[in-house]
Every structure is written in C-alpha cells, then in structure tokens.
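Tertiary structure, described
Here is what each chain is made of, one letter per residue.
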Amino acid sequence: MSNLITHWADGAAFAGEADLWADVTNPATGRVSGRVALASRADADRVIASAMKAAPAWGRTSLARRTQVLFAFRELLNARKDELAVLITAEHGKVHSDALGEISRGQEVVEFACGIAHLLKGGHSEGASTGIDVHSKRDPLGVVGIISPFNFPAMVPMWFFPVAIAAGNAVVLKPSEKDPSAALWIANLWKEAGLPDGVFNVLQGDKVAVDALLESPDVAAISFVGSTPIAEYVYESASRHGKRVQALGGAKKHMVVLPDADLDLAADAAVNAGYGSAGERCMAISVLVAVEPIADDLVARIADRTATLRIGDGSKERGDVSDMGPLVTRAHRDSVAGFIDSGEAAGAKLVVDGRSVKVDGDQAGFWLGPTLFDHVTTDMDIYTEEIFGPVLSVVRVATYDEAVALINANEYGNGTAIFTNDGGAARRFEQDVEVGMIGVNVPVPVPVAYYSFGGWKRSLFGDTHAHGTEGVHFFTRGKVVTTRWINPAARPAGGLELGFPRND
C-alpha cells in the first residue's frame, strides 16, 4: 500500500527499523486507507535523541525568535486548516465541519502561546537585603512527551505542544495509531514555519512507544489524555521514573436541568453535546439529570430533535452534509452497541435506538446513531461506565440537592453543566459540585486557552491542568537568583564577613 504513515525526527520522516505496521481505516467506509509504523525501542530512542539534540539550542533561543516561529505556524495553519480537517475526517470519521472546529479550538492555544514573552516574565526585588538583589525566572524542562488519544488528533496535542515549544522545550508527540496522519501533517507545518529540526518530533506506535517515553531518562515530562485506567498507568510509571506528569483521564459528564430552565435550550444543548463528534469526547453529556416535574417534556423534546439529525459520511467531497459521522473503529462501534444492549436488559426505557439508524454512506462504515435512554438508575452499566459514544441517559431526581449529590458521588470530576434561569441556583451549583469545569447554560464548558483545562478526582492524575497559566508552569521550572555586587569602597577592614547579611 502506498500510504505509509511514518515517524518524524530531525526534521524529516523515517519509516523506522522495526518493520512493524498497523492498518489505518476510514470509519465511513470500513476500508483500510493506510498503514502506520509501530515503533521499536530503537526507533523511540532515535526520535528522543533528535529532541535531546535540539532542546539546548532551542531553549537558549530568544523569546522574540520563538514568538516569530509561533506566529508563522499560526498563519500557516489558518491558511491550510482545511487540509488538516480532511485528514481528520478520513481517519477519525467526524464530519468535516466538526474537524474544522477542533482545529480552531486548538489554534486558540497557539495564539495564547504567542504571548510567551509575557507569560515567562519573572519577578525582581532590588535591595532585598543590604547590597543584595533577587530575581526569579522560568527555564524550559528540555524534552517533553505528549501521548494523545484518537478522538481529537489535532486539538488535544495542541493543548500542549504550542506552550511547550514556546517555553523552549523540544517535543515528542505519540499520536493514536487509529488516526496518526494529523501529527505528521503538523510536523511538516512546523518545519515550514521555521522551527529548527528536532524541536518537534513524532513517534508512531502502540504500548512499546508509550513505555519508551515513560521510561526514558531523557524525557523530563509527560502530558497524556485518555481513559482513566491508562492515565493512572501513565502517571504511576512516569512518576516512578522521575518525570513530571499531567495525565487527564476519563469522565462521566452530567447536565442538570432545573424546572425553571428554558427546555428548548436545554434540549438543543443535550443533543449537541450528547451526540456531537458521535459522543467520542470526554466532555460529551452522557447523563442528563432532570429535576422533576420536567422529565417527560424534556425527553420528548430531545427525542424529536434526534429524528432531524443526518447520520452519514461527513467528508468534504460529499458536501459535509451530515451532522454525525461513524465511530472510529468497528470494535468501538460494537462496544458502544453492547452498552445499548446492556441498558435495555437492565430495564432502562429505550426511547431512541441508534442500532437501527439509516445512514447516508457506505453500509460497511462503523455506524451507530444517537441513542436515548430514560428512567436510568445509578446501578446500570450505562450510568457507571464511560461509554464514549452517542448514548444519552436520563436520570430523574426530585430535588436540586439530589442532583448535586449524584454528581459528587461519581468517581469522575471532569465537567458538568446546569441549565436554569435562576442566578442564585447557578451560583450555588458552582460552589456545591466537586468538578473541575462547570457550565451554566453552556453544555460543553471547555475553557478558552488562557484558562486551564482539567478535572478533579479520577479525571486527573497529577496536579497540573492543560494550557493556561498551569500549562506554562508545567513546561517550565522556576529558578531564583540572588545577586550581590560588592562596592570596593565599602569593603570591610580585613575583607572578611562571617555573619549573616546586614539589613541596614
């Protein structure tokens, strides 16, 4: 097959020594579209060595020059983002407009990182003690690793690498082997923007590549996004090898609808946030908590809206006319369908069944339509597990307090939302819920780039969220420099001082 997706190091693609490859499939057709290289330890060592070689010089490069490269990358991406969106749709399956939206959200972090000169400013205290000045500064870490999931092959890496590069680090990106081409496209764009060879590298592969990054003594930090079991593994392994780690894990996002809410707005939000990107995102609404007596009305409105969704191939060449595309692989499609079977067997009311969806596209694609369950209870698998698909569960509660208790009892604390016209209730909700990101009449509360993204509890391993000020601090280390310049005319007799500095 001619479409071979390779590694990238020293400013160029290379196939690697392992001669191990995995199929990459177009989810809308079910057909293999390419083959991606799977790294051996030797391949990983080569990529990491490329970053190690480039990191010192890039870390000493002026902030003005680094910013120029960031701006050039931004302009190139704005001009050519449609190319990247086509790649994402072909390998992930999300519709073209959704892929463009993903790139735009990632671009926000590039724009934030363009302000790195301001973000890295330290403090200065003149005359902290007699004749002594103190200043602080932030230095790059060196080489950092990014391990990215399949669901956002552009946006999630862009949560990390713009800030890491702007701060003076060299990056090794390990994308998902399910949709690996976006990473290589980005590598080429960095080269065109003038980034020195070796500052941005791509390591394709599976667990061998991941473990190489986690264990290498030359990698100072790891940024990860994925499921909670893997996030926990990444955190424990990387920490054991002395690395700084931010590992963002799974989620079970609740959306509370109070009786005073605008139900049309809430229904629109539930459909958009529950079924957008085919539910393959950690910030998708997977549980709608309806505070009675509005559940019957709200469920009916959501069901009506799902009937208008167009399911099919959302590629640009087909006109981007679909609202929702396929799931990423056949195995994942079957896993999500299995949860629908389980919910039905457990006694939840199946209002909309996505297993029998009619699609505009190749029937061999990995299709599953929007699915809506009502009367879901907290002991059902469809409630307790992160499904990562277009399945929305409605849980009915009697009071606001019961809704908050439901959220706080969950092991995850990534994101949540409340829909209400009562400002006091919304303010109380912000204070009451034990969750890292909150939306008020906003179903997907992903923060803008100058705030940080990340959850609480088992949605985050490590202490640092992505991008924003926390991201800058993650990719840098603080130094404090104490300076004393002696005035020869004030040197004491004998030239010796054995005591503490004077605070005259």
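A short tour of the structure in this document, coming up. Quick caveat: nothing in here was measured; it's all calculated off a predicted structure.

Definitions and limits used
Residues numbered from 1 in each chain as written. Predicted model: local features only at pLDDT ≥ 70, side-chain atom pairs only at ≥ 80, totals over all residues. Heavy atoms only, no water. Helix = DSSP H or I, 4+ residues; strand = E, 2+ residues; numbered from the N terminus. Buried < 20%, exposed > 50% of the residue type's maximum accessible area, 1.4 Å probe, protein only. Contact = heavy atoms within 4.5 Å. Areas by Shrake-Rupley, 256 points an atom, 1.4 Å probe, with all protein chains shown as cover. Lys, Arg positive; Asp, Glu negative; His and termini not counted. Charge placed at Lys NZ, Arg CZ, Asp CG, Glu CD. Phe/Tyr/Trp six-rings, centres within 6.5 Å; stacked < 30°, edge-to-face > 60°. Lys NZ or Arg CZ within 6 Å of the ring centre and 35° of its normal. Pairing = 2+ DSSP bridges. Axes fitted to C-alpha atoms, helices over the stretch in contact; angles between N-to-C directions. Expected span 1.5 Å × (residues − 1). Arc of directions from axis to C-beta. Salt bridge = Lys/Arg side-chain N within 4 Å of Asp/Glu carboxyl O. Parallel < 35°, antiparallel > 145°, perpendicular 65-115°, else oblique. Left-handed = near helix turned anticlockwise from the far one by under 90°. Nonpolar A, V, L, I, M, F, W, Y, C, P; charged D, E, K, R; others polar. Patch = residues over 30% accessible without salt bridge, like charges linked within 9 Å, V, L, I, M, F, W, Y side chains within 5 Å. 1 Å grid on protein atoms, 1.4 Å probe; cavity = no way out; pocket = protein on both sides within 12 Å on 5 of 7 lines; lining within 4 Å. Points joined across faces, edges and corners; volume = space filled by probe spheres on them.

With that settled, consider the overall build of the chain. Looking only at helices and strands, the chain features 15 helices and 23 strands. Each of the three principal axes of the chain carries a C-alpha extent, and together these read 90 × 60 × 40 Å. Residues classed as buried in the chain amount to 55% of the 504 residues present. For the chain, contacts bridging at least 24 residues in sequence account for 71% of all contacts bridging at least 6. Entry remark: accessible area of the chain is about 20400 Å², with carbon and sulfur atoms responsible for 52%. Averaging the positions of the 46 positive and the 62 negative side-chain charges in the chain gives two centres separated by 7 Å.

On to the packing of aromatic side chains. Under the defined criterion, the tally for this structure stands at 11 aromatic pairs. A connected cluster of aromatic rings, assembled from ring pairs, spans F73, F161, W190 and F200. Lying over the aromatic face of F14, R46 brings its terminal NZ or CZ to 3.8 Å of the ring centre.

Here we have 3 strands laid out as an open sheet, ordered β6-β7-β23, and antiparallel in their pairing. A strand with exactly one partner marks an edge of an open sheet, and here the two such strands are β6 (124-129) and β23 (476-484). Within the sheet, the average angular offset between the axes of one strand and its neighbour, ignoring direction, is 30 degrees.

The end-to-end C-alpha separation of helix α10 (residues 295-306) is 17 Å, in line with the 16 Å expected for 12 residues at 1.5 Å each. Along α10, the positions that sit buried rather than exposed are A295, L298, V299, I302, A303 and T306. Down the axis of α10, the sector holding all buried residues measures 135 degrees, keeping them to one side. In α10, the exposed positions angled more than 90 degrees off the buried face are occupied by D296 and D304.

The step from E292 to P293 runs through a cis peptide bond, and the omega angle for that step is 20 degrees. Of note, P293 is situated in the loop between β14 (285-291) and α10. Phi is positive for N441, which is not a glycine, with a value near 60 degrees. Overall, N441 belongs to the partly exposed group, its relative accessible area being 28%.

Moving on: the pattern of salt bridges. Evaluation of the coordinates by the stated rule reveals 32 salt bridges. Among the salt bridges present, the one from R310 reaches D323, with a minimum N-O distance of 3.1 Å. Of the two residues, R310 is situated in the loop between α10 and α11 (330-346) and D323 in the loop between α10 and α11; the sequence distance between them amounts to 13 residues. Close ionic contact of E344 with R355 constitutes a salt bridge, the shortest N to O distance being 2.9 Å.

Packed helix pairs are characterised by how far apart their axes lie and by the angle those axes make with each other. With their axes 9 Å apart at the nearest point, helix α2 (residues 63-92) and helix α3 (residues 96-113) run at an angle of 160 degrees to one another. The orientation of α2 relative to α3 falls into the category roughly antiparallel. Considering only the axes of α2 and α3, their crossing is right-handed. Across from L70, F73, R74, L77, N78, K81, D82, L84, A85, V86, I88 and T89 in α2, the residues of α3 making contact are H96, A99, L100, E102, I103, S104, Q107, V110, E111 and A113. Residues that form the contact of α2 with α3 fall into these classes: 12 nonpolar, 5 polar and 5 charged.

Time to look at a nonpolar patch on the surface. Residues V448, Y450 and Y451 make up a contiguous nonpolar surface patch of about 350 Å² in total accessible area. Here V448 lies in the loop between β20 (437-440) and β21 (456-457).

To locate leftover empty space, one rolls a probe as large as a water molecule over the atoms. With the rule as written, the count across this model stands at 4 cavities of 30 Å³ or more. Its boundaries defined by the atoms lining it, the largest cavity holds a volume of some 110 Å³. G279, R281, A284, S286 and F388 are, among the 15 residues lining the largest cavity, the residues nearest its centre. Residues of the lining of the largest cavity, tallied by class, amount to 7 nonpolar, 4 polar and 4 charged.

Moving on: the packing of helix α13 (residues 400-409) against helix α14 (residues 423-432). Interhelical geometry of α13 versus α14 gives an angle of 30 degrees and a closest axis separation of 11 Å. With respect to α14, the axis of α13 lies roughly parallel. Here the hand of the crossing between α13 and α14 comes out right-handed. Contacts from Y400, D401, V404, I407 and N408 of α13 reach α14 at A425, R428, F429 and D432. Tallied by class, residues from the contact of α13 with α14 come to 5 nonpolar, 1 polar and 3 charged.

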